[in-house]
Amino acid sequence: QVQMVESGGGLVQAGGSLRLSCTASGLAFENYAMGWFRQAPGKEREGVACIKWSGSSTYYSDSVKGRFTISRDNAKNTLYLQMNSLKPEDTAMYYCAAGPVWTGGTCTAGNYNFWGQGTQVTVSS
C-alpha cells in the first residue's frame, strides 16, 4: 500500500530554519508530482510548494517565495522542504502529497491522490 511519512517538524524561533522530509513507498515515486501543503487551525489548506517529476519545474506560494525550497531525490523516494527565515505565520501542520497531474501554475490539492499524516511546525516570536 502507498505510504507517505513526513518528518522534521518541530518548534523553532522566528528567523530560524527547518528541513522537512517525506519518504514515500508503494508507488512509482519518479512518475508523480509531489507537493507540500499546510493547514492551520480554522484556516483552509494551502498549497505551499510543488515539484514536477524530475524536479525541473516548481511552484511556490507567494508567501514563501525566496524563503522555502522544495526538492526531491527520486533515488531515495524522498521529498524535502527547506524552510529558512521562518515566521510565526508559517505555523501549521505540513503535509506531503503525491499526484499524477502537474498543474504548472499552482498546487491544487484535488490533483493529489496520496497524503501523509502531517508534521507540525511551530514558529515562536
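J.: Explain the environment of Gln 82 to me, please; I cannot follow it from the model alone.
T.: Locating Gln 82 in the fold gives a position in strand S8 (residues 78-83). Considered as a pair, Gln 82 and Gln 120 are 38 residues apart in the sequence and their alpha carbons are 15 Å apart. Among residues more than four places away in sequence, those in contact with Gln 82 are Ser 17, Leu 18, Arg 19, Arg 67, Phe 68 and Thr 69. In terms of polar contacts, Gln 82 uses its side chain to reach the side chain of Asn 84, at 3.0 Å.

J.: How do you make sense of the pattern of salt bridges when you look at a structure like this?
T.: In a structure, side chains of opposite charge can pair up when their charged atoms sit close to one another. Here the structure, examined in full by the defined rule, presents 4 salt bridges. Of the charged contacts in the structure, one is a salt bridge between Arg 38 and Asp 90, with a shortest N-O distance of 3.0 Å. In this pair, Arg 38 is assigned in strand S4 (residues 33-39) and Asp 90 in the loop between S8 and strand S9 (92-99), connecting sequence segments 52 residues apart. Just as Arg 38 is buried, Asp 90 falls in that class too. Residues Asp 90 and Arg 67 are paired through a salt bridge, measuring 2.8 Å at the closest nitrogen-oxygen approach. Highlighted residues: Asp 90 in the loop between S8 and S9 and Arg 67 in the loop between strand S6 (58-60) and strand S7 (68-73), separated in sequence by 23 residues. Its relative accessible area of 1% is what places Asp 90 among the buried residues.

J.: Help me understand the state of the cysteines, please; the structure alone is not making it clear to me.
T.: Among covalent bonds in proteins, the disulfide is the one between the sulfur atoms of two cysteines. Within this structure, the stated rule accounts for 2 disulfides. Paired through a disulfide, Cys 22 and Cys 96 show a sulfur-sulfur distance of 2.0 Å. Judged by the torsion about the S-S bond (50 degrees), the Cys 22/Cys 96 disulfide is right-handed. A residue pair is termed long-range when its members are at least 10 positions apart, and Cys 22 in strand S3 (residues 18-25) and Cys 96 in strand S9 qualify at 74 residues. The same class applies to Cys 22 as to Cys 96, namely buried. Two residues, Cys 50 and Cys 107, share a disulfide whose sulfurs are 2.0 Å apart. Placement of Cys 50 in strand S5 (residues 46-51) and of Cys 107 in the loop between S9 and strand S10 (114-115) is noted, with a sequence separation of 57 residues between them. Cysteines bonded in the protein chain are numbered consecutively along the chain; their disulfide partners then correspond to 1-3, 2-4.

About the cut-offs
Residues numbered from 1 in each chain as written. Predicted model: local features only at pLDDT ≥ 70, side-chain atom pairs only at ≥ 80, totals over all residues. Heavy atoms only, no water. Helix = DSSP H or I, 4+ residues; strand = E, 2+ residues; numbered from the N terminus. Contact = heavy atoms within 4.5 Å. Polar contact = N/O pair within 3.5 Å; in protein donor to acceptor, adjacent residues only side chain to side chain. Salt bridge = Lys/Arg side-chain N within 4 Å of Asp/Glu carboxyl O. Buried < 20%, exposed > 50% of the residue type's maximum accessible area, 1.4 Å probe, protein only. Disulfide = S-S within 2.5 Å.

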